[in-house]
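This is what each chain is made of:
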Amino acid sequence: MLDTTRMFTLREVAEHGSITAAAAALGYTTSAVSQQIAKLEKEAGQPLLERHARGIVLTEAGRSVVRHTERILIELEAADAELAEIKGLRAGVLALGTFPTAGSSLLPLVVKEFKTRHPGVELKVLSGRFAYLVDALRRRETELSLLWDYEWNRVDDPTLTYHHVMNDPTVLLVSERHRLADRDSIRIAELRDESWVVRADDHPVAQTLEKLCQQGGFTPRTSVFAHDYGEVQAMVAVDLGVAIAPRLAVLNLRPDVRSIPLATRPPQRRILVAHLTERRLSPAAQEGIAVCAAAAHQLQEGFETG
């Protein structure tokens, strides 16, 4: 393979018309330039220059090398320009992972703000469950990912770095006809005799319910196992039971369902932005973390004032 530095030297010789002039332009000695050309000719396996009384003339092979050198220079200049665009957040791609409840609440705020600030950066979003999102980070399919955990089951993966952006408290869901529907808050012990709509498939909210009911001194009686929060709300609306849910999961509340804060300190899940510890983040990813934190703060303020 031809040495590109020597190719650039040949181009200088061709442009200046002599080895001496090229050496002066490059700040090298004439001998050094001659040696570089000799080595390039050895790599090419044929002469690249012909010396005449009136100066240097490129051979056909020499002209071919110079043409390719010009193309390389164009590509290098394009690479420099593209890197400048990426560094300045005027171009590039940011791949972001999310889980469903964040994808329907926090993420739209993140996307809207990021696109407003940096319209030239393409955003790609991958949605899935916890293990899938972590695998996507490790496979480098995403650079950042929204994740969550609870205080009794903290994520502790040394290969990942976490940024805590907000807390998401657990709320109670009842139908609009429920005896407690008009309450401002409810103690968990008051729900001892209720039937419960519970998330199926060993969902973390089912574990949250068990811990809450332990605080109230009872074991929950399950009436329905639901597979998403839309189904949870539908079952609550027709009085098949009450339910709990993370607040972010029920921002789009049905008109016939009420969301009520728990009077005792409710379990809170942490909302996190994670990335591979060993990965040097792109400017877009660094900005993405900042935008996630700002969007989470905006959402949290809305909860408090609302």
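Residues numbered from 1 in each chain as written. Predicted model: local features only at pLDDT ≥ 70, side-chain atom pairs only at ≥ 80, totals over all residues. Heavy atoms only, no water.

What about the nonpolar core?
Then comes step 1: Formed by 70 residues in total, the largest nonpolar core has its most connected members in L146, L172, L173, W196 and I271.
Then comes step 2: Per-element accounting of this core gives the leading share, 9 residues, to helix α10 (residues 283-305).
Then comes step 3: If sequence neighbours within four positions are ignored, L172 has contacts with I186, L191, W196, V242, A243, I244, R258, S259, I260 and L262. (Core = buried A, V, L, I, M, F, W, Y, C linked by side-chain atoms within 4.5 Å. Buried < 20%, exposed > 50% of the residue type's maximum accessible area, 1.4 Å probe, protein only. Helix = DSSP H or I, 4+ residues; strand = E, 2+ residues; numbered from the N terminus. Contact = heavy atoms within 4.5 Å.)

Quick look at the packing of aromatic side chains
Then comes step 1: Per the stated rule, a full pass over the model turns up 4 aromatic pairs.
Then comes step 2: Here W148 and Y150 contribute two aromatic rings whose centre-to-centre distance is 6.1 Å and whose plane-to-plane angle is 70 degrees, an arrangement assigned as edge-to-face.
Then comes step 3: Centre to centre, the rings of Y150 and W152 are 4.8 Å apart; their planes meet at 10 degrees, and the pair counts as stacked.
Then comes step 4: Look at W152 and you get partly exposed, because its relative accessible area is 27%.
Then comes step 5: Put simply, the rings of F99, F130, W148, Y150 and W152 touch in pairs and so form one group of aromatic residues.
Then comes step 6: The cationic tip of R199 hangs over the ring face of Y229; the distance from NZ or CZ to the ring centre is 4.5 Å. (Phe/Tyr/Trp six-rings, centres within 6.5 Å; stacked < 30°, edge-to-face > 60°. Lys NZ or Arg CZ within 6 Å of the ring centre and 35° of its normal.)

Structural notes on the layout of surface pockets
Then comes step 1: Of the voids in this model, the largest pocket is the one considered here, and its volume is about 450 Å³.
Then comes step 2: Around the largest pocket sit 24 residues that line it, and F99, P100, R129, R199 and H203 are the ones nearest its centre.
Then comes step 3: Counting residues per element, the ones that place at least two in the lining of the largest pocket are α5 (100-103) and α7 (130-138).
Then comes step 4: When residues in the lining of the largest pocket are grouped by element, the largest group, 3 residues, is from α7.
Then comes step 5: There is about 260 Å³ of room inside the second largest pocket.
Then comes step 6: Lining the second largest pocket, in full, are P169, T170, V171, R247, V250, L251, L253, S259, P261, L262, P266 and F303.
Then comes step 7: Those elements that provide at least two residues to the lining of the second largest pocket are β6 (160-175) and β10 (257-261). (1 Å grid on protein atoms, 1.4 Å probe; cavity = no way out; pocket = protein on both sides within 12 Å on 5 of 7 lines; lining within 4 Å. Points joined across faces, edges and corners; volume = space filled by probe spheres on them.)

Focus: helix α3 (residues 30-44)
Then comes step 1: Helix length check: α3 (15 residues) gives 21 Å between terminal C-alpha atoms against 21 Å at 1.5 Å per residue, within 8%.
Then comes step 2: For α3, the complete set of buried residues consists of V33, I37, L40 and E41. All buried residues of α3 project into a common sector of 100 degrees when viewed along the axis, lining one side.
Then comes step 3: Looking one or two residues beyond α3, the residue adopting positive phi is G45, at roughly 75 degrees. (Expected span 1.5 Å × (residues − 1). Arc of directions from axis to C-beta.)

Geometric descriptors of this kind do not, in isolation, establish any biological role.
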